[in-house]
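Breakdown of the fold
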Amino acid sequence: MYSKFLEGMTGKVSEQWVTNLLTPAFAFWLGGLAACVYRLGWAPLKTWALQQPQPVQVGLLIVGLIVIVTSSSVAQKFDRPMLRFLEGYWPRWMKHLRHNRTQRYVNQWQQQQQRWGTLYAKGEAALSAEELNEYAQLDWLVMHSPSQPNQFMPTRLGNLLRASEYRSKERYGLDAVVCWPRLWLLLPDSTRKELQEARAALNTAVRIGFWSLLFLVWTLLAWWAPLLALPVAWFSYRMALSAAAVYVDLLEATFDVHRHLLYQSLRIKLPKNPIKEAEDGKKLTQYLWREPDPTMPDFHDPPKS
């Protein structure tokens, strides 16, 4: 029985099983086993397992694999709720904490803008090496922060993603919430692939954070569970920030490079110049979301090639 099972583990099917097992869910359940061993001792568990008939042992192993794979699949359903929580979409009873943290980021942003303006006014040629490095860091922070105080969120991750949501609207008049699903259908495969990989990296970091917090349940069996769970949760959040930075840069680049596809697919003339583009983009957003603006031009047929 064991030999046949091990033979199966070396085939193509086993490769898929191994891939599914190498997930945070596996670490969670392995940690749970370690916590049980810590509380009950290894000898009783080993004795009990060896006393079971061979078919029962194999069955327990298979059930364990199924639990790991199933729990990993179920946990993916919590990616979006977990991400929204990390962004700062908190329940009503946390409104005071949300307000205080949001105001903290607004104050920090205002100080950064003031310092950035001071360095910008001096000119890059007049800056020292330390000031130039500070200017580059502040420039990145300001560009990856919301542009208005009422847009801020209570977390750094939330502000990073919120800034990206508003960037296309402020620059091109295109509301990302409205226009993104339409633009996605028009993107080249290579662009889609890059975006999917960046989003997958963000989801993976969020999923690790979810499992690390869930790992705290083993505190009931082992006092050391928080010593493992909390550092991993902190590290996963840092991973999420790094992955989100790549993801939002790609989102903004997609609007920069491919926004013309929206106009062309909807048979609307492209904006004539950058200054007027934001106005045209607002009309396009209104057309997609509510009703056409009366001043919109007639549909435009693309020239025949």
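Residues numbered from 1 in each chain as written. Predicted model: local features only at pLDDT ≥ 70, side-chain atom pairs only at ≥ 80, totals over all residues. Heavy atoms only, no water.

For the rest of this paragraph, the subject is helix H8 (residues 129-143). With 15 residues, H8 ought to run about 21 Å at 1.5 Å a step, and its terminal C-alpha atoms sit 21 Å apart, in line with that. Along H8, the residues that are buried comprise Glu131, Tyr135, Leu138 and Val142. Each buried residue of H8 lies within a common arc of 70 degrees when the element is viewed along its axis, so the set occupies one face. Those residues of H8 that are exposed and angled more than 90 degrees off the buried face are Ala129 and Glu130. Buried residues along H8 sit in contact with helix H7 (95-122). (Helix = DSSP H or I, 4+ residues; strand = E, 2+ residues; numbered from the N terminus. Expected span 1.5 Å × (residues − 1). Buried < 20%, exposed > 50% of the residue type's maximum accessible area, 1.4 Å probe, protein only. Arc of directions from axis to C-beta. Contact = heavy atoms within 4.5 Å.)

What follows is about the confidence of the model for the chain. Mean pLDDT over the chain: 87, with 91% of residues reaching 70 or higher. Across residues 1-16, confidence stays below pLDDT 50; counting only partners more than four residues off in sequence or on other chains, it has 11 contacts. (pLDDT = per-residue confidence, 0-100.)

Moving on: helix H6 (residues 79-87). Buried within H6 we find Asp79, Met82, Leu83, Leu86 and Glu87. Looking straight down H6, one finds that the buried residues subtend no more than 140 degrees of arc, so they occupy a single side. Contact partners of the buried residues in H6: helix H5 (54-75), helix H9 (156-172), helix H11 (189-214) and helix H12 (225-258). One or two residues past the end of H6 sits glycine 88, with phi positive at roughly 115 degrees.

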